[in-house]
Amino acid sequence: MARAKAPRAWQRMLSGRRLNLIDPSPLDIEIEDIAHGLARVARWNGQTRGAEIFSVAQHSLLVEILILAIAPEAPPAWSLAALLHDAPEYVIGDMISPFKAIIGGDYKAVESRLMSAVFIRFGLPPEPSPAALKLVKAADRAAAFFEATLLAGFSASEARALFGEPPFPHARIAALLEPMQPARAQALFLERFHALYGALA
């Protein structure tokens, strides 16, 4: 009897790389692929106001700016980790938190391996330090509050209960809360990446 063929576990990127989802190699990761993908993945399952989607690339830029709003002394490595904190979603998409909770461990394991490969590829530790991780999570929650209330139709009290309320007004980051075309989000993401990556070097 013929043996069943193993299902394909890799995705071909526009760069020509083939990224194995089960055992991702840092050598198969390109920042251009990440930027292209994240600029075309919708936050909040697309349930946001505006003519364009609010992309994961825009969210990542927002989180990186909020890092410095919360902790102006944060080193460039922490800012780069913030910019890349959702990088696995260029491969696996942006699943809302309730669905992640339903899927459970398998999803988190794939996401974690991809995240480590991305960090290694760009000169970061495979896992952020506890202090860096705490700061990125705080900025991520602040971004979620602003997005939820200004784009996704949540009431302030509803968002406050889920994410907490940031200790600064949204006016400081208002420009990044305007959904933009994918090409623009992609270009801004790459521009910020190269600035931070250059600062590490």
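It should be noted that the structure appears before, not after, this text.
Not measured: the values here are computed from a predicted model.

A tally of regular secondary structure across the protein gives nine helices and two strands. Secondary structure of the protein in N-to-C order comes out as β-β-α-α-α-α-α-α-α-α-α. Over its C-alpha atoms the protein spans a radius of gyration of 17 Å, differing by no more than 12% from the 17 Å that the globule rule assigns to 201 residues. Considered along the principal axes of its C-alpha atoms, the protein spans approximately 65 × 40 × 35 Å. The 201 residues of the protein split such that 44% are buried. Within the protein, contacts between residues separated by at least 24 positions form 67% of all contacts whose residues are at least 6 apart in sequence. Put simply, the protein has 20 plus and 20 minus side-chain charges, and the middle of one group is 4 Å from the middle of the other.

Per the counting criterion, the structure on display carries seven aromatic pairs. Measuring from centroid to centroid gives 5.0 Å for Phe122 and Phe193, while their planes differ by 70°, and the two rings are edge-to-face. Taken together, the residues span a long stretch of sequence, with Phe122 in the loop between helix H6 (105–121) and helix H7 (130–150) and Phe193 in helix H9 (residues 182–200) at a distance of 71 residues. Summarising the burial analysis for this pair, Phe122 and Phe193 share the class buried. Between Phe154 and Phe163, the aromatic rings sit 6.5 Å apart at their centres with planes inclined by 50°, giving tilted as the arrangement. Taken together, the aromatic side chains of Trp44, Phe154 and Phe163 make up a single cluster linked through ring pairs. Over the ring of Trp10 we find Arg18, and its NZ or CZ is 4.2 Å from the ring centre.

Across the interface, helix H2 (residues 56–70) lies against H7 with an axial gap of 8 Å and an inter-helix angle of 120°. When the interaxial angle is binned, H2 and H7 end up oblique. Crossing geometry of H2 relative to H7 is assigned as right-handed. For the pair H2 and H7, the contacting residues are His59, Leu62, Val63, Leu66, Ile67 and Ile70 in the first and Leu135, Val136, Ala138, Ala139, Asp140, Ala142, Ala143, Phe146 and Glu147 in the second.

Residues Ile34, Leu66, Leu84, Val118 and Phe189 are the most contacted members of the largest nonpolar core, which totals 62 residues. In contact with Leu84, other than residues within four places in its own chain, are Ile31, Met115, Val118, Phe119, Phe122, Leu124 and Phe189.

For the rest of this paragraph, the subject is the environment of Arg172. Along the chain, Arg172 turns up in the loop between helix H8 (156–163) and H9. With a relative accessible area of 56%, Arg172 lands in the exposed category. Once the C-alpha coordinates of Arg172 and Val41 are considered, the two residues, 131 residues apart in sequence, prove to be 24 Å apart.

Within the secondary structure, Gly123 sits in the loop between H6 and H7. Judged by its relative accessible area of 61%, Gly123 falls in the exposed class. With 32 residues separating them along the chain, Gly123 and Val91 place their C-alpha atoms 20 Å apart.

With 21 residues, H7 extends 30 Å between its outermost C-alpha atoms, agreeing within 8% with the 30 Å of an ideal straight helix rising 1.5 Å per residue. Listed in full, the buried residues belonging to H7 are Ala132, Leu135, Val136, Ala139, Ala142, Ala143, Ala144, Phe145, Phe146, Glu147, Ala148 and Thr149. For H7, the elements touching its buried residues are H2, helix H3 (76–83) and H8.

A word on the environment of Ala9. Positionally, Ala9 belongs in the segment before strand S1 (10–12). C-alpha of Ala9 to C-alpha of Ile22: the two residues are 13 residues apart in sequence and 6.5 Å apart in space. Once you skip the residues sitting within four places of it in the chain, Ala9 turns out to touch Leu19, Asn20, Leu21 and Ile22.

About the thresholds
Each chain has its residues counted from 1, following the order in which its sequence is written. Reporting of local features is limited, given that this is a predicted model, to residues whose pLDDT is at least 70; pairs of side-chain atoms are given and counted only at 80 or more, and all residues count toward the totals for whole chains, interfaces and linings. The side-chain numbers reported here are obtained from all heavy atoms of the structure, hydrogens and water having been left aside. Going along the chain from the N terminus, every DSSP run of H or I of four or more residues is numbered as a helix, and every run of E of two or more is numbered as a strand. Within these notes, the globule rule equals 2.2 Å times the number of residues to the 0.38 power, and the radius of gyration is based on C-alpha atoms. For each residue, the accessible area found with a 1.4 Å probe, counting protein chains only, is set against the maximum for its type, and the residue is called buried under 20%, exposed over 50%, and partly exposed in between. Contacts are assigned to residue pairs with any non-hydrogen atoms lying within 4.5 Å of each other. For this count, His and the chain ends are skipped, Lys and Arg are scored as positive, and Asp and Glu as negative. Note that the charge is assigned to NZ on lysines, CZ on arginines, CG on aspartates and CD on glutamates. By convention, a stacked pair of Phe, Tyr or Trp rings (six-membered ring in the case of Trp) has centres within 6.5 Å and planes under 30 degrees apart, an edge-to-face pair has planes over 60 apart, and any other such pair is tilted. A ring is considered to have a charge above it if a Lys NZ or an Arg CZ atom is located within 6 Å of its centre and within 35 degrees of its normal. Axes, fitted as lines to C-alpha atoms, cover a helix only where it is in contact. Angles between the N-to-C directions of the axes lie from 0 to 180 degrees. Here the angle decides the label: under 35 degrees means roughly parallel, over 145 means roughly antiparallel, 65 to 115 means roughly perpendicular, and every other value means oblique. Note: crossing handedness is left-handed where the near helix turns anticlockwise from the far helix by less than a right angle, and right-handed where it turns clockwise. The definition of a nonpolar core used throughout is a set of buried Ala, Val, Leu, Ile, Met, Phe, Trp, Tyr and Cys residues joined through side-chain atoms within 4.5 Å. Expected span of a helix, by definition, is 1.5 Å for each gap between consecutive residues, and there is one gap fewer than residues.

Keep in mind that these numbers describe shape and distance, not what the molecule does.
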